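Structural description and commentary
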Amino acid sequence: AQSVTQLDSHVSVSEGTPVLLRCNYSSSYSPSLFWYVQHPNKGLQLLLKYTSAATLVKGINGFEAEFKKSETSFHLTKPSAHMSDAAEYFCVVNRDGGATNKLIFGTGTLLAVQP
Amino acid sequence: DVKVTQSSRYLVKRTGEKVFLECVQDMDHENMFWYRQDPGLGLRLIYFSYDVKMKEKGDIPEGYSVSREKKERFSLILESASTNQTSMYLCASITFRMSSYNEQFFGPGTRLTVL
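Predicted model only: the values in this text are computed from it and were never measured. (Residues numbered from 1 in each chain as written. Chains lettered and ligands numbered in written order. Predicted model: local features only at pLDDT ≥ 70, side-chain atom pairs only at ≥ 80, totals over all residues. Heavy atoms only, no water.)

Quick notes on the sheet that holds strand β8 (residues 73-78) of chain B
Residue and element names in this part refer to chain B. Worth spelling out the cut-off: Should DSSP find at least two bridges between two strands, the strands are taken to pair. Counting from the N terminus, the helices are DSSP H or I runs at least four residues long and the strands are E runs at least two residues long. Angles here are taken between N-to-C directions and fall from 0 to 180 degrees, while the axes themselves are lines fitted to C-alpha atoms, restricted in helices to the stretch in contact.
Spatially, the four strands line up as an open sheet ordered β1-β3-β8-β7, and their pairing is antiparallel. One side of each edge strand has no neighbouring strand; the edge strands of this open sheet are β1 (4-6) and β7 (64-70). Taken pair by pair, the neighbouring strands of this sheet meet at an average axis angle of 20°, ignoring direction. Where β7 lies against β8, five bridges are found, and the strand directions are antiparallel.

In structure tokens form, the structure reads like this:
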């Protein structure tokens, strides 16, 4: 069965410092993995997706994630946090290897960025 | 620009009322979803529709039903609202065209309070 575990419910960083949001996955298929972001009072927006073409995936707003099969991880990083990065981030896996479009969401990580 | 709209941003209803949440997408997507989002639980799938008049229960369908009479519109119905259905409801849509890496597009959400 597929699942994702976000290891931190809250992360706080200072503006200009690196961001690391951790996600481990479990999948009996070759996984399709995504990171979505939800800014306050907004809908979810896709940040990036792992398509198996490359293990290091670049997304919008300077975020990237590295797929590590040996560690079953898909951590989200950004070299330098900006105030506008404050939001909730969700790690997501495709439920059944792509047979349908159903997704499984992690419980979310709330990122706070201090000035 | 792709768009998923939801009929209300905020809704307050009384216990026992029948509640309709409407979602419309303008992307000609085949698949549509209803999720509820609760703090610490992430997004959980209520119902899924893979085409007009076709629906499938998600992980938490109890107390809900859905209707999809037209491709662009997917309605969530709370037959008799209860206080434990107070939540944020998110609608999403996605094309089914031959990829497990397709992005789901989300509406802004409806925050429902049941008193």
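Things to note about the nonpolar core
Put simply, the rule is: Definition of nonpolar core: a set of buried residues of the types Ala, Val, Leu, Ile, Met, Phe, Trp, Tyr and Cys, connected through side-chain atoms within 4.5 Å. Buried, partly exposed and exposed residues are distinguished by accessible area as a fraction of the type maximum, computed with a 1.4 Å probe on protein chains only: under 20%, between the cut-offs, and over 50%, respectively. Contacts: residue pairs with any heavy atoms within 4.5 Å of one another.
Counting 27 residues, the largest nonpolar core has A:W35, A:F74, A:L76 and A:Y89 as the members making the most contacts within it. Of the residues forming this core, the biggest block, four residues, is contributed by strand β10 (residues 87-94) of chain A. Setting aside its immediate chain neighbours within four residues, A:F74 contacts A:C23, A:L33, A:F34, A:W35, A:L48, A:Y50, A:V57, A:A65, A:E66 and A:F67. In terms of nonpolar packing, the next biggest core, distinct from the first, is built from 21 residues, B:L11, B:I46, B:V66 and B:F74 among them.

Some words on the state of the cysteines
Keep this limit in mind: Disulfide: a pair of cysteine sulfur atoms within 2.5 Å of each other.
Taken as a whole, this structure holds two disulfides over all chains when the rule is applied. The side chain of A:C23 participates in a disulfide bridge whose partner is A:C91; the two sulfur atoms lie 2.0 Å from each other. The S-S bond linking A:C23 to A:C91 shows a torsion near -65°; that makes this disulfide left-handed. One end of the pair, A:C23, is in strand β4 (residues 23-26); the other, A:C91, is in strand β10, with 68 residues separating them in the sequence. The exposure class of A:C23 is buried, given its relative accessible area of 0%. A disulfide bridge connects B:C23 with B:C91, and the sulfur atoms are separated by 1.9 Å. Because the sign of the S-S torsion sets the handedness, a value of about -75° for the bond joining B:C23 and B:C91 places this disulfide among the left-handed ones. Residue B:C23 is found in strand β3 (residues 19-25), and its partner B:C91 is found in strand β9 (residues 87-94); the two are separated by 68 residues along the sequence. Here the two residues B:C23 and B:C91 agree in accessibility, since each one is buried.

Focus on the interface of chain A and chain B
The condition that has to hold: The quantity reported as buried area is the accessible area (1.4 Å probe) lost by two parts once they are put together, taken as the sum for both. In what follows, salt bridge is the name for a side-chain nitrogen of Lys or Arg lying within 4 Å of a carboxyl oxygen of Asp or Glu. A 3.5 Å cut-off defines polar contacts: any pair of N or O atoms within that distance qualifies, except that in protein one atom must be a possible hydrogen donor and the other a possible acceptor, and neighbouring residues in sequence count only when both atoms are side-chain atoms. Only Asp, Glu, Lys and Arg are considered charged in this grouping, and only Ala, Val, Leu, Ile, Met, Phe, Trp, Tyr, Cys and Pro are considered nonpolar; every other residue, Gly among them, is considered polar.
Across the boundary between the two partners, chain A contributes 27 residues, which contact 27 residues of chain B. Across the chain A to chain B interface the summed buried area is about 2000 Å²; carbon plus sulfur atoms make up 51%. For chain A, the biggest contributors to the area lost against chain B are A:N101, A:K102 and A:F105; these three give 29% of the whole. One can count two salt bridges joining chain A with chain B. Put simply, chain A and chain B have four residue pairs in polar contact (both at pLDDT 80 or more) between them. Top element by residues in the side of chain A that touches chain B is strand β6 (residues 44-50) of chain A. It accounts for four residues. Looking at the side of chain A that touches chain B residue by residue, the classes come out as nine nonpolar, 13 polar and five charged.

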